[in-house]
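Here is what each chain is made of, one letter per residue.
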Amino acid sequence: MWSLLFACALVLLPRLAVFPWSENLYGDAVVRTELAQRWLANPHWIAHMDDGAFQYGPLHVYLVAGALALGIDREDAGRWVSLLFGVLSVLPLWSLSRRLGGIQGAWWATAGFALWGMHIQMSTTAGSESVGLFFVLWSLALLAEGLEENRFPPLFGSALVLNLACAVRYDCWLLIPLICVLLLLGDRDRVAGVTRSVCYGLLALPFVAAWMQGNERAKGDPFAPLRYIESFHKGWVAEGVARWTSAGYRAQNLFFWPAVALFTLSPLIAWFGARGMVRVWRQRPEYRWLIWVALVPTAYFTFRSVVLLDFVPLARFAVTQVALLLPFVGVGYQATVEGKSPLAARAWAGAALGLAVLLPVGVGIATVNRDDQLATSLRPVSPVSTNPPAVMQVARWLKAEVAPLGGAAALDVDPQYWDLQIAFFSGLPDTRLARMRWDIFRKQVKEQRPEVLVRREDGEMEKEPDFLLQGDTISFDGDGWEEVPGFQRPWHVYRRAGTH
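Quick caveat, the model's predicted, so the values are computed rather than measured. (Residues numbered from 1 in each chain as written. Predicted model: local features only at pLDDT ≥ 70, side-chain atom pairs only at ≥ 80, totals over all residues. Heavy atoms only, no water.)

K.L.:
Before we go on, may I ask you to explain the overall build of the protein in this structure?
P.N.:
Tallying secondary structure elements over the protein gives 23 helices and seven strands in all. In terms of overall size, the protein behaves like a compact globule, its C-alpha atoms giving a radius of gyration of 25 Å where 500 residues would be expected to give roughly 23 Å. Along the longest, intermediate and shortest principal axes, the C-alpha atoms of the protein span 80 × 55 × 50 Å. Within the protein, the fraction of its 500 residues that count as buried is 54%. Counting only contacts in the protein whose residues sit at least 6 apart along the sequence, the fraction spanning at least 24 positions is 71%. (Helix = DSSP H or I, 4+ residues; strand = E, 2+ residues; numbered from the N terminus. Rg over C-alpha atoms; globule rule 2.2 N^0.38 Å. Buried < 20%, exposed > 50% of the residue type's maximum accessible area, 1.4 Å probe, protein only. Contact = heavy atoms within 4.5 Å.)

K.L.:
So what exactly am I meant to see when it comes to the packing of helix 18 (residues 329-337) against helix 19 (residues 342-367) here?
P.N.:
Helix packing geometry: the angle between the two helix axes and the distance between the axes. Across the interface, helix 18 lies against helix 19 with an axial gap of 10 Å and an inter-helix angle of 140 degrees. One way to sum up the angle between helix 18 and helix 19 is to call them oblique. Between helix 18 and helix 19 lies a crossing whose hand is right-handed. Of the residues in helix 19, those touching helix 18 at Tyr333, Thr336 and Val337 are Ala345, Arg346, Trp348 and Ala349. Across the contact of helix 18 with helix 19, the residue classes break down as five nonpolar, one polar and one charged. (Axes fitted to C-alpha atoms, helices over the stretch in contact; angles between N-to-C directions. Parallel < 35°, antiparallel > 145°, perpendicular 65-115°, else oblique. Left-handed = near helix turned anticlockwise from the far one by under 90°. Nonpolar A, V, L, I, M, F, W, Y, C, P; charged D, E, K, R; others polar.)

K.L.:
I keep staring at the sheet that holds strand 3 (residues 452-456) and nothing clicks. Help me out?
P.N.:
Judged by pairing direction, the sheet is mixed, and its seven strands sit side by side in the order 2-1-3-7-6-5-4 without closing on themselves. Looking along the sheet, the strands with just one partner apiece sit at the ends: strand 2 (433-435) and strand 4 (468-470). On average, each strand axis in the sheet is tilted by 25 degrees relative to the strand beside it, whichever way the strands run. The pairing of strand 3 with strand 7 (residues 491-496) spans five bridges and is classified as antiparallel. Pairing of Leu453 across the sheet is with Tyr494, part of strand 7. In this fold helix 23 (residues 441-448) packs onto strand 1 (409-411), strand 2 and strand 5 (473-476), with an angle of close to 155 degrees to the strand it touches most, strand 2. (Pairing = 2+ DSSP bridges.)

K.L.:
What's the story with the pairing of strand 7 in this structure? I'm lost.
P.N.:
For a regular strand, side-chain orientation follows a simple rule: the groups alternate between the two sheet faces. Most of strand 7 is tucked away: six of the six residues are buried. Here strand 6 (residues 479-484) runs beside strand 7; their pairing, made up of four bridges, is antiparallel. In the sheet register, Glu483 faces strand 7, and the bridge partner there is Tyr494. Linking strand 6 back to strand 7 in an antiparallel pair, the connection comprises six residues, with Gly486 at a positive phi of about 105 degrees.

K.L.:
How should I be thinking about helix 23 in this particular structure?
P.N.:
Think of an α-helix as 3.6 residues a turn; residues three or four steps apart then line up on the same face. Within helix 23 the residues assigned to the buried category are Phe441, Gln444, Val445 and Gln448. In a view along the axis of helix 23, the buried residues occupy a sector of 100 degrees, so they form one face of it. The outward face of helix 23, more than 90 degrees from its buried face, is lined by the exposed residues Lys446 and Glu447. Residues of helix 23 that are buried sit in contact with strand 1, strand 2 and strand 5. Downstream of helix 23 by one or two residues, Arg449 has phi in the positive range, about 50 degrees. (Arc of directions from axis to C-beta.)

K.L.:
Could you clarify how one ought to interpret the pattern of salt bridges in this entry?
P.N.:
Counted by the stated rule, this structure contains 31 salt bridges. Between Arg279 and Glu338 there is a salt bridge whose closest N-O contact spans 3.0 Å. With Arg279 in helix 15 (residues 267-283) and Glu338 in the loop between helix 18 and helix 19, the pair connects residues that are 59 residues apart, well separated along the chain. Residues joined in a network through salt bridges with shared partners are Arg99, Glu145, Glu148, Glu149 and Arg151. (Salt bridge = Lys/Arg side-chain N within 4 Å of Asp/Glu carboxyl O.)

K.L.:
Just to check I follow, could you spell out the side chain of Gln448 for this structure?
P.N.:
Its place among the elements puts Gln448 in helix 23. A relative accessible area of 17% means that Gln448 is categorised as buried. The residues contacting Gln448, other than those within four sequence positions of it, are Ala408, Asp430, Thr431, Arg432, Leu433 and Ala434.

In short, shape yes, function no, at least from these values alone.
See the structure below:
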């Protein structure tokens, strides 16, 4: 018990340290929070993607809404949910790692997890990755218990928990057929294997079946959310090929998963994990199923991104597979120092842990409140998530100068979705924020008569028929607007003439 409490504290400390400095950024964090707000105003069972969750898993919407119901500010509600589940993830990880590498293996996994910079970010922002990983690790820990001890209750518990993972993230759906196949082929007793596989599948499918049925009825397509997500990937693929060429983009995607593991877990922790997998495969065949759970999704998504070229790998899509290296780290460390002197063993351990500390610290320093090319490239895996300073400057100005006075603002569209961040952090409710991203923009402008307008250079607002730019002033909505100085490009802020 004391070991588990200490492990939780070890994971909590670095996340608490960066929590005050982190902001909602990737993982559609702000959209998920806004959906939770809307759901809380009208609680109901979310039956399909048009029923309040869009393309996201509905369970995460419920959880964030629960945090909002407790009175937590909307900028932090989803972040506290992520922090809670991020810290709790060490419990099933401990269980898995101890079965593979004993108590030393459990501590190695805990240390690697505590210092995992990308997970620190995901534990302090309102995305769904932290929550989804918790349910996956819990499901796998129960599965390991059921298989090792030859008991059905943990096995069935694993299937039920997998429903929760699937209700958070769609990539977890792949685990249902994969685990069923592994259960079918992994038991020498064919009858027992078939029984386990069929029962597991039946118990793991209820959410997926219900969600597919709901989308079939509402959209005419049980896979409507997945197809909607794939439409984004098609656009991203086109951009990647245009930038890197087809061959270059395929080569880049081929090494994506190992590169994410090496760079986010740190090279030596990732190396220990990979070496531990090799040793477990050779010496403990009863745990090969866990290796397959890590490798098959990696191979599937790599095939799609390299051969089919219909999927774009992002660091947050690799979270589960990278996390599954951690239970093998202790075994890999033992294999590495086997036959070496105690001094050499301590040197390996010190180098691994030192690098695991220095890497996220360095990445964090390179990205916090920066907007250069290096920061843009490293931001998705940084332990501290901060929006570009130019974006937050606009949002904070709206929060200080417009929101407290009951004013309204019109907001341009940004191709990188930074307008979503400005809207979220502005403190303005939907009833006082006319967004060009919405179809009802003109209706809102007419009803709200916003005093402030936020324009992005080369944005959609410039294409409006009544828009005219003349130096520091613009003409729009039948009025003149004067620019407020001091904002960083590409953002410009204007006040309607006569509203000073």
